[in-house]
Amino acid sequence: MRAPYRVLVVTGASSGLGAALAAAYAGPQTVLGLVARNRERLAATATACRDAGALVETAALDVADGPALAAWLAEFDRAHPVELLIANAGTSAGPPPDQPGEQAEATLRQLSTNLLGAVHTIAPLVPRMCARGRGRITVIASIAGLRGLAYSPGYCASKAGVRAYGEGLRAQLSQHGVGVTVVCPGFFGSPMSDRWNGPMPFLWSGEQAARHIKRGIDAGRRRVSFPWPLVVGMRFCDLAPAIIGDEIVRRFRFHIRPG
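(A) Geometry of the overall build of the chain. On a plain count of helices and strands, the chain comes out with 10 helices and 9 strands. The C-alpha atoms of the chain give a radius of gyration of 18 Å, which matches the 18 Å a tight globule of 259 residues would have. Principal axes of the C-alpha set define a box for the chain whose edges measure 50 × 40 × 30 Å. Summarising the internal contacts of the chain: among those between residues at least 6 apart in sequence, 71% fall at separations of at least 24. Summed over its atoms, the accessible surface of the chain is roughly 11600 Å², and 57% of this surface lies on carbon and sulfur atoms. Counting 28 positive and 18 negative side-chain charges, the chain places the centres of these two groups 7 Å from one another.

Written as structure tokens, this is what we have:
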């Protein structure tokens, strides 16, 4: 199924890319289901979408809470059969500058939100969308999922898992009439990038990234990766001999401030 999409669910919709994507799709005759943890920021996103003419329902939920999210998704889908599902919620962390490795708690938190949260978002609606034989699922991964970076191992692992999960779904669900778009963005302006202490080459604005992703989703693209110089660079690090790739990513120094 391709655009126009009239019923959407977006997770991580309280700020950043999720809020920008919700705003990009909001309009008359559009129903949005918005999910995020922060009630105040989620309410602000909902207000902006309603001002654009959309009917909006919200859920202040953590995507790591699978049962609660599944129950809300089922109720929303019964009232408004979902046509486009965007699994966007995510978080980031990394080891402190003076420590050689990332603490297990930080790694597991990222896996819980970024990877398991995507599964909790998508799995409950797959049977429903396949039964209807239409719709599209969009998985927001990252170019960090193309090759592990030395200073964000947990984040890279979570996004590599999300990318593989989306690709596996895409190959399976196409025969049921449900499309899957896997998105691997580079750097763009967001509260997450505000905590990034280091180089951010080819930085896009959040709105620019949302517009580019929306164009890809609406065109039915299976993969949306940008910007291309970073994608090529990450692929090179992945395909080069390990000693070369490891040295390149080790020299790309950064630190993610807690937030």
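(B) Molecular detail of helix 4 (residues 104-122). Helix length check: helix 4, at 19 residues, gives a terminal C-alpha distance of 26 Å against a target of 27 Å (1.5 Å per residue), a fit within 8%. The axis of helix 4 is deflected most strongly, by about 35 degrees, at Leu-116. Listing the buried residues of helix 4 in full gives Ala-106, Thr-107, Gln-110, Thr-113, Asn-114, Gly-117, Ala-118, Thr-121 and Ile-122. On the buried face of helix 4, the contacting elements are strand 1 (7-11), helix 3 (66-79), strand 4 (84-87), helix 5 (126-132), strand 5 (136-140) and helix 6 (153-173).

(C) How the structure looks around the packing of aromatic side chains. Taken as a whole and judged by the stated rule, the model has 2 aromatic pairs. Plain terms: the ring middles of Trp-72 and Phe-76 are 5.2 Å apart, the flat faces sit at 20 degrees to each other, and that makes the pair stacked. With Trp-72 and Phe-76 both in helix 3, this residue pair falls 4 residues apart, about one helical turn. By relative accessible area, which is 2% here, Phe-76 ends up buried. The cationic tip of Lys-214 hangs over the ring face of Tyr-25; the distance from NZ or CZ to the ring centre is 4.7 Å.

(D) Spotlight on the nonpolar core. Counting 40 residues, the largest nonpolar core has Ile-122, Ile-137 and Leu-173 as the members making the most contacts within it. Broken down by element, the residue count for this core peaks at 5 residues, all from helix 6. The contact partners of Leu-173, leaving out residues within four places of it in the chain, are Val-126, Cys-130, Ile-137, Val-178 and Val-180. Core analysis: the next-biggest nonpolar cluster, separate from the first, contains 30 residues, Leu-34, Ala-46, Ala-54 and Phe-188 among them.

(E) Up close: the side chain of Ser-14. Relative to the elements of secondary structure, Ser-14 occurs in the loop between strand 1 and helix 1 (16-25). Leaving out residues up to four positions away in the same chain, Ser-14 has contacts with Ala-19, Ala-36, Asn-38, Arg-41, Leu-42 and Thr-45.

(F) The environment of Ala-171, seen in detail. Mapped onto the secondary structure, Ala-171 falls in helix 6. The sequence separation of Ala-171 and Ala-106 amounts to 65 residues, and the corresponding C-alpha distance is 32 Å.

The rules we used
Residues numbered from 1 in each chain as written. Predicted model: local features only at pLDDT ≥ 70, side-chain atom pairs only at ≥ 80, totals over all residues. Heavy atoms only, no water. Helix = DSSP H or I, 4+ residues; strand = E, 2+ residues; numbered from the N terminus. Rg over C-alpha atoms; globule rule 2.2 N^0.38 Å. Contact = heavy atoms within 4.5 Å. Areas by Shrake-Rupley, 256 points an atom, 1.4 Å probe, with all protein chains shown as cover. Lys, Arg positive; Asp, Glu negative; His and termini not counted. Charge placed at Lys NZ, Arg CZ, Asp CG, Glu CD. Expected span 1.5 Å × (residues − 1). Bend = angle between axes of the 7 residues up to and from the residue. Buried < 20%, exposed > 50% of the residue type's maximum accessible area, 1.4 Å probe, protein only. Phe/Tyr/Trp six-rings, centres within 6.5 Å; stacked < 30°, edge-to-face > 60°. Lys NZ or Arg CZ within 6 Å of the ring centre and 35° of its normal. Core = buried A, V, L, I, M, F, W, Y, C linked by side-chain atoms within 4.5 Å.

By themselves, these observations are geometric and do not establish any function.
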